[in-house]
Number of protein chains: 2
Amino acid sequence: MHPLLARITTMGPLAEATFARFLKLGQERTLARHACWSQPGDAVTEFAIVQSGLVRHYYVDAKGRESVKAFRGPGEFSAAYAELIQRRPSRTFIQALLPTRLLAFNLDAFEALAADSLELQRLARRIVEQHFVSKEQREYEFLQLSAEARYQRFCEERPEHLAHIPQHQVASYIGITPVALSRIRARLAKRR
Amino acid sequence: MHPLLARITTMGPLAEATFARFLKLGQERTLARHACWSQPGDAVTEFAIVQSGLVRHYYVDAKGRESVKAFRGPGEFSAAYAELIQRRPSRTFIQALLPTRLLAFNLDAFEALAADSLELQRLARRIVEQHFVSKEQREYEFLQLSAEARYQRFCEERPEHLAHIPQHQVASYIGITPVALSRIRARLAKRR
DNA sequence: GCGCTTTCTTAACCCGGGTTAACGAGCCCC
DNA sequence: GGGGCTCGTTAACCCGGGTTAAGAAAGCGC
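Residues numbered from 1 in each chain as written. Chains lettered and ligands numbered in written order. Predicted model: local features only at pLDDT ≥ 70, side-chain atom pairs only at ≥ 80, totals over all residues. Heavy atoms only, no water.

Asks: Can you help me understand the packing of aromatic side chains in this one?
Replies: Given two aromatic rings, their pairing is described by the distance between the two centres and the angle made by the two planes. All names here are of chain A. Scanning the entire structure with this criterion turns up 23 aromatic pairs over all chains. Ring centres 5.4 Å apart and planes at 15° place the aromatic pair F47 and F105 in the stacked group. Placement of F47 in strand β3 (residues 46-52) and of F105 in strand β8 (residues 100-106) is noted, with a sequence separation of 58 residues between them. As far as burial versus exposure is concerned, F47 and F105 are alike and both buried. (Phe/Tyr/Trp six-rings, centres within 6.5 Å; stacked < 30°, edge-to-face > 60°. Helix = DSSP H or I, 4+ residues; strand = E, 2+ residues; numbered from the N terminus. Buried < 20%, exposed > 50% of the residue type's maximum accessible area, 1.4 Å probe, protein only.)

Asks: Where do I start with the relation of the copies chain A and chain B in this structure?
Replies: Superposition of the two copies of the chain requires a rotation about an axis and a shift along the axis. The transform that puts chain A on chain B rotates by 180° and translates by 0.0 Å along the axis, for an RMSD of 0.0 Å. Both copies of the chain, as the preceding transformation shows, are related through a two-fold rotation axis. Both copies share a contact surface, since 100% of the interface residues of chain A are interface residues in chain B too. (Least-squares fit on C-alpha atoms with pLDDT ≥ 70 in both. Contact = heavy atoms within 4.5 Å.)

Asks: It is not clear to me how the nonpolar core should be interpreted in this structure. Could you clarify?
Replies: Soluble globular proteins: nonpolar side chains tend toward being buried together. Counting 60 residues, the largest nonpolar core has I8, F22 and F47 of chain A together with I8, F22 and F47 of chain B as its most contacted members. Discounting chain neighbours no more than four positions away, the residues touching F47 of chain A are F22, W37, F77, S78, A79, L84, L103, A104, F105, L107 and F110 of chain A. (Core = buried A, V, L, I, M, F, W, Y, C linked by side-chain atoms within 4.5 Å.)

Asks: I keep staring at unusual backbone geometry and nothing clicks. Help me out?
Replies: Among all residues except glycine, the phi angle is most often negative; among peptide bonds, the trans geometry is most common. Residue and element names in this part refer to chain B. Phi at H34 is positive, roughly 75°, even though this residue is not glycine. Positionally, H34 belongs in the loop between β1 (27-31) and β2 (36-38). Non-glycine residue R87 carries a positive phi angle of around 50°. Structurally, R87 can be placed in the loop between α3 (81-86) and β7 (93-96).

Asks: Sorry, what's going on with the sheet that holds β8 of chain A here?
Replies: Sheet strands associate in pairs through backbone hydrogen bonding, adopting either a parallel or an antiparallel arrangement. All names here are of chain A. In spatial order, the strands read β1-β8-β3-β6; together these 4 strands make up an open sheet with antiparallel pairing. Since the sheet does not close on itself, it has two edges, and those belong to β1 (27-31) and β6 (77-78), each with one partner. Where β3 meets β6, 2 bridges bridge the pair, whose relative direction is antiparallel. Following the sheet pairing, I49 is matched in β6 by F77. Where helix α2 (residues 16-25) meets the sheet, its contacts fall on β1, β3 and β8, and the angle it forms with β8 comes to roughly 105°. (Pairing = 2+ DSSP bridges. Axes fitted to C-alpha atoms, helices over the stretch in contact; angles between N-to-C directions.)

Asks: Would you take a moment to explain the interface of chain A and chain B for this structure?
Replies: Put simply, an interface is often sized by how much accessible area is lost when its parts join up. In this complex, chain A contributes 43 residues to the contact, which on the side of chain B involves 43 residues. Taken over both partners, the interface formed by chain A and chain B buries close to 3700 Å², and the fraction arising from carbon and sulfur atoms is 61%. Broken down residue by residue, the surface that chain A buries against chain B is led by R125, F132 and L143 of chain A, which jointly contribute 20%. Taken together, the connections running from chain A to chain B amount to 14 residue pairs in polar contact (both at pLDDT 80 or more). When residues of the side of chain A that touches chain B are assigned to their parent elements, the largest contribution, 20 residues, is made by helix α5 (residues 118-144) of chain A. (Buried area = accessible area lost by both parts, 1.4 Å probe. Polar contact = N/O pair within 3.5 Å; in protein donor to acceptor, adjacent residues only side chain to side chain.)

Asks: Would you take a moment to explain the protein's contact with DNA strand C for this structure?
Replies: Inspection of the region around DNA strand C gives 16 residues, with Q167 and H168 of chain A together with T177, A180 and R183 of chain B positioned closest. At a separation of 2.5 Å, a phosphate oxygen of DNA strand C approaches a polar side-chain atom of Q167 of chain A. Note that a phosphate oxygen of DNA strand C is positioned 2.8 Å from one of the side-chain N or O atoms of T177 of chain B. Contributions of two or more residues to the surface near DNA strand C are made by α8 (167-174) and α9 (178-190) of chain A together with α8 (178-190) of chain B. A total of 5 residues in the surface near DNA strand C trace back to one element, the largest contributor, which is α9 of chain A. Of the residues contributing to the surface near DNA strand C, the split by class is 7 nonpolar, 4 polar and 5 charged. (Near = heavy atom within 4 Å. Nonpolar A, V, L, I, M, F, W, Y, C, P; charged D, E, K, R; others polar.)

Asks: Hey, could you run me through empty space enclosed by the protein in this one?
Replies: Empty space among the atoms becomes apparent when a probe as large as a water molecule is rolled across them. Within the structure shown, the criterion is met by 5 cavities of 30 Å³ or more. The space that makes up the largest cavity amounts to roughly 90 Å³. For the largest cavity, the full set of lining residues is F132 and E136 of chain A together with H57, K69, R72, F77, S78, A79, A80, Y81, H131 and K135 of chain B. Looking at the lining of the largest cavity, the elements that each hand over two or more residues are α5 of chain A together with β5 (66-72), β6 (77-78) and α5 (118-144) of chain B. Residue composition of the lining of the largest cavity, grouped by class: 5 nonpolar, 3 polar and 4 charged. (1 Å grid on protein atoms, 1.4 Å probe; cavity = no way out; pocket = protein on both sides within 12 Å on 5 of 7 lines; lining within 4 Å. Points joined across faces, edges and corners; volume = space filled by probe spheres on them.)

Asks: Can you walk me through the protein's contact with DNA strand D in this structure?
Replies: Surrounding DNA strand D, one finds 16 residues, the nearest of these being R33, T177, A180 and R183 of chain A together with Q167 of chain B. In DNA strand D, the atoms that sit within 4 Å of the protein are 63% sugar and phosphate, with bases accounting for the remainder. Between DNA strand D and R183 of chain A there is a distance of 2.7 Å, counted from a base nitrogen to a side-chain nitrogen or oxygen. Of all the secondary-structure elements, those providing two or more residues to the surface near DNA strand D are α9 of chain A together with α7 (167-174) and α8 of chain B. A class-by-class count of the residues in the surface near DNA strand D yields 7 nonpolar, 4 polar and 5 charged.

These figures capture arrangement, not role.
Below, the structure is given as structure tokens:
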């Protein structure tokens, strides 16, 4: 079985034939380290699946401050999803943290393929549902956990990426400054 | 046209006939002020549309501290959505802040109806998409806005509910304590 | 392999928000 | 229409995290 199909079917069933038609829509994109796939102002027309490497999704505010929304590794979806859904221009950067290969899908092409496919509609729904659940999990962490606890959760959640993500981006992801994260780490190290 | 259909079609097209079949699944639920519709531990089997009144969704942590996730008024969806999707027991309270009428739908019944309906699948997908977008908006506010700015945004977003929501619940929603919100309000009032 | 840039750490100082407590006002229930 | 509640406000104190700055270490481009 195609490894991507294996991954996708963790979200819901998908017949091999349907998957094959879906796969044909995908276009390879190669990103050098630090290259951006999407930038604010771009029209968002595609979503992608990370084949290898690592990307981050982030905002930049008027004063140039970055806020990291997400990190996405192999097998995960990557897109300016909210903007894609709303068919608005991108507000978010998507940048490769490592040399990265994406498989990109044009949304209109996907919609055309899914227009008469219950199977693909259901799958698309499952995928958004997963995105929703993970955002709600994040909301939970902001509401109920301290910065220190959020950092520990992050370390458990993404151990395989930790080595490739600069610490100040982790800080931004959990909603604090790099200096604050450095202090938290010092505190944790002392407490062993 | 049925007012509920008008509301639903703001999310996507839905034929009157399909809507009628959907509507037949709905069951009226009446909640007294302060009554809870869902509580942690409950099996989650339904989602609902608020017909009149106002509800809040919230967590309670081990130390008894509440964190408000959402307020939902007429025409909006209300459910322990993440748990429903994952078919896990509820982690959230849903409580009426006013005498409230809900139209509740059993998920399994809905899935059965939607099983062979592209239209309903597409609609279900649109609904989750909207939920996703609003969670991402909330993430954006936690990452990039100060507590004061989050409060001002909330006041603009839900002016019609402000009178019915105790201030400490607003504080919880924006992620601060009641005391802190009181200070923010005093600051804003002084600045005119 | 040199030099520059990026990253992390540490320190000092400040401020926003948390905590606790006390008080007053309103609301609701009996 | 009292007596409790629940609510909101204010004050005092504390602490976590923001800010700025400086220095050390590591990474990277050329």
